[in-house]
Amino acid sequence: MNNVVTDAINLKSYNLKDSDKIVVMYSKELGLIRGVAKGVKKPKSRLGARMDSLVANKVMLYKGKNLDTICQAEALNTFKDSRQDYDKLMYSSYVSEIISIFGVEDDPSSKEVYDLFYKALDRIASAKSKKDVMIAVIKFQLKMMLIVGFGLEFDSCLCCREEILDEDMYFSIQMGGVVCEECNKDLGVKLKLHHKMRDFMQAMMQFDFNYESEYDKKATDKVCDVCFDLLNEYIQSHTDKKIKSISVLNV
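The rules behind these values
Within every chain, residues take consecutive numbers counted from 1 along the sequence as written. Only residues with pLDDT of 70 or above have their local features reported here, since the model is predicted, and side-chain atom pairs are shown and tallied only from 80 upward, although totals for entire chains, interfaces and linings are computed over all residues. Side-chain descriptors were evaluated using all non-hydrogen atoms of the structure, hydrogens and water having been removed beforehand. Each pair of strands is called paired provided DSSP finds at least two bridges between the two strands. Strands here are runs of E lasting at least two residues and helices are runs of H or I lasting at least four, both read from the DSSP assignment and numbered beginning at the N terminus. To obtain an axis, a line is fitted to C-alpha atoms, over the contacting stretch when the element is a helix, and the angle between two such axes runs from 0 to 180 degrees between their N-to-C directions. It only takes one pair of heavy atoms within 4.5 Å for two residues to be counted as in contact. Note on ring pairs: Phe, Tyr and Trp rings are taken, using the six-membered ring of Trp, and paired if centres are within 6.5 Å. Classes follow the plane angle, with under 30 degrees stacked, over 60 edge-to-face and the rest tilted. Residue exposure (1.4 Å probe, protein chains only): buried if accessible area is under 20% of the type maximum, exposed if over 50%, otherwise partly exposed. Here a helix's expected span is defined as the number of its residues, less one, multiplied by 1.5 Å. To define a nonpolar core, start from buried Ala, Val, Leu, Ile, Met, Phe, Trp, Tyr and Cys residues and group those joined through side-chain atoms within 4.5 Å. Patch rule: a residue counts if its relative accessible area is over 30% and it has no salt bridge; like charges are joined within 9 Å, and nonpolar side chains (Val, Leu, Ile, Met, Phe, Trp, Tyr) within 5 Å. Here the accessible surface of atoms and residues is derived via Shrake-Rupley with a 1.4 Å probe, and residues count as covered only by protein chains that are part of the display. Counted as salt bridges are all cases of a side-chain nitrogen of Lys or Arg within 4 Å of a carboxyl oxygen of Asp or Glu. Under this rule, positive means Lys or Arg and negative means Asp or Glu; His and the chain ends count for nothing. For charged residues, the charge sits on one atom: NZ in Lys, CZ in Arg, CG in Asp, CD in Glu. Any angle between 65 and 115 degrees counts as roughly perpendicular, while under 35 counts as roughly parallel, over 145 as roughly antiparallel, and the rest as oblique. Asp, Glu, Lys and Arg are counted as charged, while Ala, Val, Leu, Ile, Met, Phe, Trp, Tyr, Cys and Pro are counted as nonpolar; the rest, among them Gly, fall into the polar class.

Visitor: How should I be thinking about the sheet that holds strand β2 (residues 20-27) in this particular structure?
Guide: Picture the strands of a sheet paired through backbone hydrogen bonds; they go either parallel or antiparallel. Pairing is mixed around the closed barrel formed by 5 strands, whose spatial order is β1-β2-β3-β5-β4. Strand after strand, the sheet turns through a mean of 50° between neighbouring axes, direction not considered. Pairing between strand β1 (residues 3-16) and strand β4 (residues 56-62): 7 bridges, direction antiparallel. Of the residues in β4, the one forming a bridge with Thr 6 is Val 59. Together, β1, β2, β3 (31-37), β4 and β5 (68-77) form the strand contacts of helix α3 (residues 110-126), whose direction differs from that of β1 by roughly 60°.

Visitor: Can you walk me through the sheet that holds strand β8 (residues 192-193) in this structure?
Guide: One open sheet holds the 3 strands; their spatial order is β7-β6-β8, and the pairing between them is antiparallel. Looking at the sheet topology across the chains shown, the edges are occupied by β7 (177-179) and β8. Sheet topology note: the strand β6 (residues 169-172)/β8 ladder contains 2 bridges and is antiparallel. From the neighbouring strand, Met 169 faces β8, where its bridge partner is Leu 193.

Visitor: Help me out: how do you make sense of the packing of aromatic side chains in this one?
Guide: What describes a pair of aromatic rings is the distance from one ring centre to the other and the angle between the planes of the rings. The final tally for this structure, using the stated rule, is 6 aromatic pairs. Residues Tyr 91 and Phe 228 carry aromatic rings whose centres are separated by 5.6 Å and whose planes lie at 80° to one another, so their mutual orientation is edge-to-face. On the criterion of sequence distance, the pair formed by Tyr 91 in helix α2 (residues 86-102) and Phe 228 in helix α8 (residues 221-236) is long-range, its members being 137 residues apart. Note on accessibility: Tyr 91 and Phe 228 belong to one class, buried. Members of the aromatic cluster, each reached through a chain of ring pairs, are Phe 79, Tyr 114 and Tyr 118.

Visitor: In this structure, what is going on with the side chain of Lys 139? I would like to understand it.
Guide: Examined against the element boundaries, Lys 139 turns out to sit in helix α4 (residues 130-147). What makes Lys 139 buried here is its relative accessible area of 3%.

Visitor: What is the right way to look at α4 in this model?
Guide: An α-helical turn contains 3.6 residues, so a residue and the one three or four places further along point in the same direction. Taking 1.5 Å of rise per residue, 18 residues should cover 26 Å, and α4 covers 26 Å from first to last C-alpha, within 8% of that figure. For α4, the tally of buried residues reaches 14 of 18 residues, placing the bulk of the element in the interior. Among the residues trailing α4, Gly 149 stands out with phi positive, at a value near 95°.

Visitor: Which parts of the structure should I look at to understand the nonpolar core?
Guide: The tendency in soluble globular proteins is for nonpolar side chains to be buried side by side. Counting 65 residues, the largest nonpolar core has Tyr 94, Ile 138, Phe 140, Leu 142, Met 201 and Phe 228 as its most contacted members. Top contributing element to this core by residue count: α4, with 10 residues. For Ile 138, the residues in contact, after removing those within four places along its chain, are Phe 200, Met 204, Cys 224, Cys 227, Phe 228 and Leu 231. Ala 37, Met 51, Val 59 and Ile 70 belong to the second largest nonpolar core, which has 12 residues in total.

Visitor: What is the right way to look at unusual backbone geometry in this model?
Guide: Among all residues except glycine, the phi angle is most often negative; among peptide bonds, the trans geometry is most common. Even without being glycine, Phe 79 reaches a positive phi, approximately 50°. Note on placement: Phe 79 falls in the loop between β5 and α1 (80-83). The backbone of Asp 106 shows a phi angle near 50°, a positive value even though the residue is not glycine.

Visitor: Help me understand the pairing of β2 in this model?
Guide: Counting buried positions along β2 gives 7 out of 8 residues, so the element sits mostly inside the fold. Bridging between β1 and β2 involves 8 bridges; their strand directions are antiparallel. By the bridge assignment for β2, Tyr 14 is matched with Ile 22. Joining the antiparallel neighbours β1 and β2 is a turn of 3 residues, in which Lys 17 adopts a positive phi near 65°.

Visitor: Could you clarify how one ought to interpret a negative patch on the surface in this entry?
Guide: Together, Asp 221, Asp 225, Asp 229 and Glu 233 line one region of the surface with negative charge. Here Asp 221 lies in helix α8.

Visitor: What should I look at first to understand the packing of α2 against α4 in this one?
Guide: Each pair of packed helices gets described by two things: the angle between the helix axes and the distance between those axes. At a minimum axis separation of 10 Å, α2 and α4 run at an interaxial angle of 5°. Comparing the axis directions of α2 and α4 gives the class roughly parallel. Only Lys 130, Val 133, Met 134, Val 137, Phe 140, Gln 141, Met 144 and Met 145 of α4 make contact with α2, whose side of the interface consists of Asp 87, Lys 88, Tyr 91, Tyr 94, Val 95, Ile 98, Ile 99 and Phe 102. Looking at the contact of α2 with α4, its residues break down into 12 nonpolar, 1 polar and 3 charged.

Here it is, written out as structure tokens:
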């Protein structure tokens, strides 16, 4: 059987026997993968800290019958600045959990998802402020849902399909986008959305991840908090799995 070499970011691990672990990773070529890291808990392990969560490696896997074996791992990025900052670490864990929930094996979008995941972790690690961390996470939330087929509609009313310009609107978690005031008289959606908030999220979804727009610069902590909570609720509505890290973020 052939060996496989791929870039992969560690999501989580499970103990297996006394010194081994099963490591769950999201890879650039294969999507979600699992591999046995033999002897990783021994002090002189060749894999060692490279098997910690939230480390990007170039890994070589030996394809096994049931489980692959991790033969080698070369660290590409440990995102070390996130390990020394509680907020960065918790938001990195949140991003990782979203990948665990929506990532699949042999994912046809694996390169796009991996690149987004890597950029999010890298941007969180290098962030100079809590606001910069939040903007990175909001971009990730919006772009990840777009990739997996749950992209949000911000341009036009989901009912009448009329374009919504500089006017207030309502945001429907269930429908996945905005509804105009006229249509909402029948729908009764409670969550009102200012058009500037809509413009901010639309920009975060559309612009390249590393592009710093005027919206990035003008955003406030309050705007970021509201958008994050709204998007997290939307993401949660598309999975039966509880997003556990959110309870820590809300403390």
